[in-house]
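# Topology and contacts: notes
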Amino acid sequence: MSANSQFFTNRSGMRLHYLSWGNPSGIAVVLLHGLRSYAQTWDGLANALGERYCCYALDQRGRGYSDWADASSYRTEVYVNDLEDLVAHLGLQRFVLVGHSLGGTNALEYARLNPGRLQALVIEDIGPGSSVSGDGAERIRREMSQTPLLFPDWESAAQFWRQARPGLSLEGLASRLMHSMKETLAGIEWRHDQQGIAQARLSITPTDLWPAVRALDCPTLFIRGARSDFLPLATLESIKQANAWVRTEEIADASHYVHDDQSEMFNLVVMDYLYDQCLQPQQQSGE
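Residues numbered from 1 in each chain as written. Predicted model: local features only at pLDDT ≥ 70, side-chain atom pairs only at ≥ 80, totals over all residues. Heavy atoms only, no water.

This brings us to the pairing of strand β4 (residues 53–58). Regular strands have side chains that alternate between both faces of the sheet. Of all six residues in β4, six are buried; the element is thus mostly enclosed. With five bridges connecting them, strand β2 (residues 15–22) and β4 associate as antiparallel partners. Bridge pairing in β4 links Gly-22 to Cys-54. Relative to β4, strand β3 (residues 27–32) is paired through six bridges, and the arrangement is parallel. Residue pairing in the sheet places Leu-31 in a bridge with Ala-57 of β4. Note that the unit made of β3, helix α1 (residues 43–49) and β4 has a crossover that is right-handed. (Buried < 20%, exposed > 50% of the residue type's maximum accessible area, 1.4 Å probe, protein only. Helix = DSSP H or I, 4+ residues; strand = E, 2+ residues; numbered from the N terminus. Pairing = 2+ DSSP bridges. Right-handed = clockwise from strand over helix to strand, strands pointing away.)

Another point: the pairing of strand β1 (residues 4–9). Where β1 and β2 come together, six bridges link them in antiparallel fashion. Residue pairing across strands places Phe-7 opposite His-17, the latter belonging to β2. Adjacent in sequence and paired antiparallel, β1 and β2 are bridged by five residues, among which Gly-13 carries a positive phi angle near 90 degrees.

Within the element layout of this structure, Ser-2 appears in the segment before β1. Each residue touching Ser-2, except ones within four places of it in the same chain, is listed here: Ser-20 and Trp-21. (Contact = heavy atoms within 4.5 Å.)

Moving on: empty space enclosed by the protein. Per the stated rule, a full pass over the model turns up one cavity of 30 Å³ or more. What the largest cavity holds in volume is close to 190 Å³. Together, 18 residues line the largest cavity, and Leu-35, Arg-36, Arg-165, Arg-176 and Tyr-257 are the ones closest to its centre. Considering each element in turn, the lining of the largest cavity owes the most residues, three residues, to helix α4 (residues 135–146). Of the residues assigned to the lining of the largest cavity, the class counts are six nonpolar, seven polar and five charged. (1 Å grid on protein atoms, 1.4 Å probe; cavity = no way out; pocket = protein on both sides within 12 Å on 5 of 7 lines; lining within 4 Å. Points joined across faces, edges and corners; volume = space filled by probe spheres on them. Nonpolar A, V, L, I, M, F, W, Y, C, P; charged D, E, K, R; others polar.)

According to UniProt, the positions carrying the feature "domain: AB hydrolase-1" (unreviewed entry) are residues 29–264. Along residues 29–264, the helical share is 42% and the strand share 19%, with 18 Å between the first and last C-alpha atoms. (UniProt positions renumbered as here; feature names shortened; annotations may be inferred.)

With that out of the way, let us pick up the packing of aromatic side chains. Applying the stated criterion across every chain, the model contains nine aromatic pairs. With centroids separated by 5.4 Å and ring planes inclined at 55 degrees, the aromatic side chains of Phe-151 and Phe-160 adopt a geometry described as tilted. We note that Phe-151, like Phe-160, is buried. Arranged with centres 5.4 Å apart and planes meeting at 75 degrees, the rings of Phe-160 and Trp-161 form a pair that is edge-to-face. Here Phe-160 matches Trp-161 in class, with each residue buried. (Phe/Tyr/Trp six-rings, centres within 6.5 Å; stacked < 30°, edge-to-face > 60°.)

This part is about the packing of helix α5 (residues 154–164) against helix α6 (residues 170–179). It is the contact of α5 with α6, at a shortest axis distance of 10 Å, that shows an interaxial angle of 130 degrees. As the angle between them shows, α5 and α6 are arranged oblique. Crossing geometry of α5 relative to α6 is assigned as right-handed. Across the interface between the two elements, Trp-154, Ala-157, Ala-158, Trp-161 and Arg-162 of α5 pack against Leu-173, Arg-176 and Leu-177 of α6. Among the residues making up the contact of α5 with α6, the classes are represented as six nonpolar, no polar and two charged. (Axes fitted to C-alpha atoms, helices over the stretch in contact; angles between N-to-C directions. Parallel < 35°, antiparallel > 145°, perpendicular 65-115°, else oblique. Left-handed = near helix turned anticlockwise from the far one by under 90°.)

The following block contains the structure:
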């Protein structure tokens, strides 16, 4: 199932890009990628969900084919505004929201600020405090300060990813090379605003996610990679205790990048969860 590539203009006049897959009359699923990822990272999940769903993946500002912006706008409040603009553009009333890492923060804050809009919520490997302290937060700050802006050739770019993500599958590597990088006269450069994103990540205080967790009003699944350095198991348990809507899953042999490291298992977990929350009630009611 191939994706359709589309653009819309947000409230501040920026041109933002998104992909869509599936049946336009299916259950709407909006997908939000991580810190320096891109819409195509969700291709596997969208195809696994199939024709019962209509998936939309946003290239969040500064990423993919969306416009770049001032680094000061790469923060949660503005990302949520962009998401609200996409939802309005698509005419969605109630929908499923899925977010990984940065996208998970934006998804949780959207849920807090827009109660009653979500059928279900899936958060991949982020929780309160994840971006503030711990090995994962320190790793990402280190990566943001040390990532080169230019590589001499594709092999150098591939080697960067192999060192940065030792558990990355060959498919995950190929996806990153294809969708997060581009060849220019100078060499291999990032497709996203690496400099601006790094500046924002190193200077803007991360959002406190506890208010959003406590305010959740829809079925919510938190997925943790068993080898994650970003979402401690203790935090996952605290999230579960904080709100009765929350369920949790841990996926073996996966790092913070669960849907890259163990794509088949991740897709299966999400498919099963959304079936229980969205499709099974329809069947039981005879729809």
